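Residue strings, one per chain:
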Amino acid sequence: MDAAASATMLATAVAILAAVVISLPVLRRLLSGSAAGDKKKKQSPPLPPGSFGAPVVGHTLGFLRALRANTAENWIRRWTAAYGPVSRLSLFGCPTVFVVGPAANKFLFTSAALMPKNQESFARMVGRRSIREVTGDEHRRVRAVMVHFLRLDAVKQYVASMDGEVRRHLDAEWRGRAAVALMPSMKTLTFDIMCTALFRLGRDDAGAARLRRELSADFQQLVRGIWAVPVNLPFTTFGRCLAASRHGRRLVAGVIRERRAKLERGESSPADDVITHMLAEGLPDEEVIDNVMVLMVAAHDTSAALLTFLIRHLDADKNAYAKVLHEQEEIARSKAAGEALTWEDLGRMRYTWAVAQETLRLVPPVFSTVRKTMDDVEFGGYLIPKGWQVMQATNVTQWDPAIFPDPGRFDPARFESPAAAAIPPYSFVPFGGGVRVCPGNEFARVETLVAVHYIVTRFRWKLAAGCDGSFSRSPMPYPSQGLLIDIQPMK
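Residues numbered from 1 in each chain as written. Predicted model: local features only at pLDDT ≥ 70, side-chain atom pairs only at ≥ 80, totals over all residues. Heavy atoms only, no water.

**Observations concerning the sheet that holds strand 4 (residues 179-181)**
Here's step 1: Here 3 strands make up an open sheet; going across it, the order is 4-12-9 and the pairing antiparallel. Every other strand in the sheet has two partners, leaving strand 4 and strand 9 (459-463) as the edge strands with one partner each. Strand-to-strand twist across the sheet, computed as the mean angle between neighbouring axes with direction ignored, equals 35 degrees.
Here's step 2: The pairing of strand 9 with strand 12 (residues 484-489) spans 5 bridges and is classified as antiparallel. (Pairing = 2+ DSSP bridges. Helix = DSSP H or I, 4+ residues; strand = E, 2+ residues; numbered from the N terminus. Axes fitted to C-alpha atoms, helices over the stretch in contact; angles between N-to-C directions.)

**A closer look at the packing of aromatic side chains**
Here's step 1: Applying the stated criterion to the full structure yields 13 aromatic pairs.
Here's step 2: For the pair W75 and W79, a centre-to-centre distance of 6.0 Å together with 5 degrees between the ring planes defines the contact as stacked. Taken as a pair, W75 and W79 lie in helix 3 (residues 72-83) at a separation of 4 residues, close to a single helical turn. Take W75 and W79: they sit in the same class, and that class is buried.
Here's step 3: Ring plane angle 50 degrees and centroid distance 4.7 Å describe the contact between F415 and F428, whose orientation is recorded as tilted. (Phe/Tyr/Trp six-rings, centres within 6.5 Å; stacked < 30°, edge-to-face > 60°. Buried < 20%, exposed > 50% of the residue type's maximum accessible area, 1.4 Å probe, protein only.)

**Description of the sheet that holds strand 1 (residues 86-91)**
In sheet architecture, strand pairing relies on hydrogen bonds along the backbone and comes in two forms, parallel and antiparallel.
Here's step 1: In space, the 5 strands of this open sheet follow the order 1-2-8-5-3, with mixed pairing throughout. Each edge of the open sheet carries a strand with a single partner, namely strand 1 and strand 3 (114-116). Taken pair by pair, the neighbouring strands of this sheet meet at an average axis angle of 35 degrees, ignoring direction.
Here's step 2: Of the strand pairs in this sheet, strand 2 (residues 94-99) and strand 8 (residues 389-393) are connected by 3 bridges, and their pairing is parallel. Considered in strand 8, the bridge of T96 is made with Q389.
Here's step 3: The strands touched by helix 3 are strand 1, strand 2 and strand 8; relative to strand 1, the strand with the most contacts, the crossing angle is about 130 degrees. (Contact = heavy atoms within 4.5 Å.)

**Regarding the side chain of E327**
Here's step 1: If you trace the backbone, E327 turns up in helix 15 (residues 318-333).
Here's step 2: There is no salt bridge for the buried E327, and the closest opposite charge comes from R350, which lies 6.6 Å off by N-O distance.
Here's step 3: Once residues lying within four places of it in the same chain are set aside, the contact partners of E327 are R348, M349, R350, Y351 and T352. (Lys, Arg positive; Asp, Glu negative; His and termini not counted. Salt bridge = Lys/Arg side-chain N within 4 Å of Asp/Glu carboxyl O.)

**Here's the deal with the layout of surface pockets**
Here's step 1: If you add up the space inside the largest pocket, you get close to 360 Å³.
Here's step 2: Of all the elements in the fold, those that place two or more residues in the lining of the largest pocket are helix 2 (60-68), strand 3 and helix 5 (120-126).
Here's step 3: Top element by residues in the lining of the largest pocket is helix 5. It accounts for 3 residues.
Here's step 4: Looking at side-chain class alone, the lining of the largest pocket contains 11 nonpolar, 6 polar and 5 charged residues.
Here's step 5: Around the second largest pocket, the lining comprises 16 residues; the ones closest to its centre are S111, A112, L114, V435 and R436.
Here's step 6: Among the elements of the structure, helix 4 (102-110), strand 3 and helix 6 (136-150) are those that each provide at least two residues to the lining of the second largest pocket.
Here's step 7: Tallied by class, the residues present in the lining of the second largest pocket amount to 8 nonpolar, 5 polar and 3 charged. (1 Å grid on protein atoms, 1.4 Å probe; cavity = no way out; pocket = protein on both sides within 12 Å on 5 of 7 lines; lining within 4 Å. Points joined across faces, edges and corners; volume = space filled by probe spheres on them. Nonpolar A, V, L, I, M, F, W, Y, C, P; charged D, E, K, R; others polar.)

**Re a nonpolar patch on the surface**
Here's step 1: Taken together, the side chains of V56, V57, L61, V229, V231, L233 and F235 define a hydrophobic patch exposed on the protein surface, amounting to about 640 Å² of accessible area.
Here's step 2: Of note, V231 is situated in the loop between helix 10 (206-222) and helix 11 (237-264). (Patch = residues over 30% accessible without salt bridge, like charges linked within 9 Å, V, L, I, M, F, W, Y side chains within 5 Å. Areas by Shrake-Rupley, 256 points an atom, 1.4 Å probe, with all protein chains shown as cover.)

Now the structure itself:
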């Protein structure tokens, strides 16, 4: 090799060595960054197992079919068996994490990382500024207004008006009839109780009575579309429900105008009713309408379902029926003819309320609660990304044999002392839990007890021929034929 070639090779080697030396810090940073990234990936929890299903529709259609066939609990159990207690799927066009168990219920109802979420169909029908949608100070403000009329001392004042509504309804709709479709009857009754107790809507003249009838019809249609596919065409469920919602909102807006005028003239007080109180608190009209819409759904439809299925279970369990009848007849014998029930009377209805709680366990009116993550959050060792839905199904816990042995059996003793004290927290959640527990749970308890008292002491009943007592969900439970019962007056 000549000197020139040797010099060239030496220069090349030096250049390569220099390049390597200069590159070492850069390589070190890249390698350390890659290692840190790998370490971070290893530390970051994985997404829950599962499947998003078909594009766009995901698992929505299969889930809705199961709801309508009343097999949604089995659908969810199969899903949970396949993927575990924390799993992912796609429902209503959104990535969703399904969670199971008391710890999951607590997470859903109490986590500050989650916010309420209505399905798009329901949000479009009732509005987006209701207590179910707002958070933080705004949620606390609206909740305070509602709690003012739903707190214990307020509910005590409603007993007499509820008593009058139940008697009036049974005299008008049951007396002299051989059969009654129970669910529609209970929907009308609970809607009237709500209108009288919370909104002070009268029925003294033809206009007031018509307003009640039209509102009742609108809301009975509206609730059928809570989980409907939000396609607004005249022949779709959602289209019909949205039309009912628009009409109902116009009626509520008319009531608001009338209440505002009375308030400005000094003819009313914020303590008179929920709407006047909201106006006095300065809530804008649209927000008042949205909250009235939600309250009108929540304050009557769930109670109607509870009463309907309670009567159904008493028909099937003669032992429980005999105990309820005995408890209520003892109270009736202590009253003068025509005397209304009192708060103290309701305190004596312990077994009747145990029957109601067992009914709520078996057939919870609210099938599921859905929340939305406000940021990335971890639960059960899995990452739930920001913006995803988080969902539980009430029945999955309330039918868990590890918590409620022989869960399909109707057994009110589960909710009597001392057994009731042994039920783990967040296992029985028909009214939700945590800071967002349903503010109307005491209202529902009182109207249920008052209604049961007069039904069982005034009538005998049995399922009508051809009525099998089956039901479907949409998502509220609705029995076949409205649960048609044959009735006879008590002698």
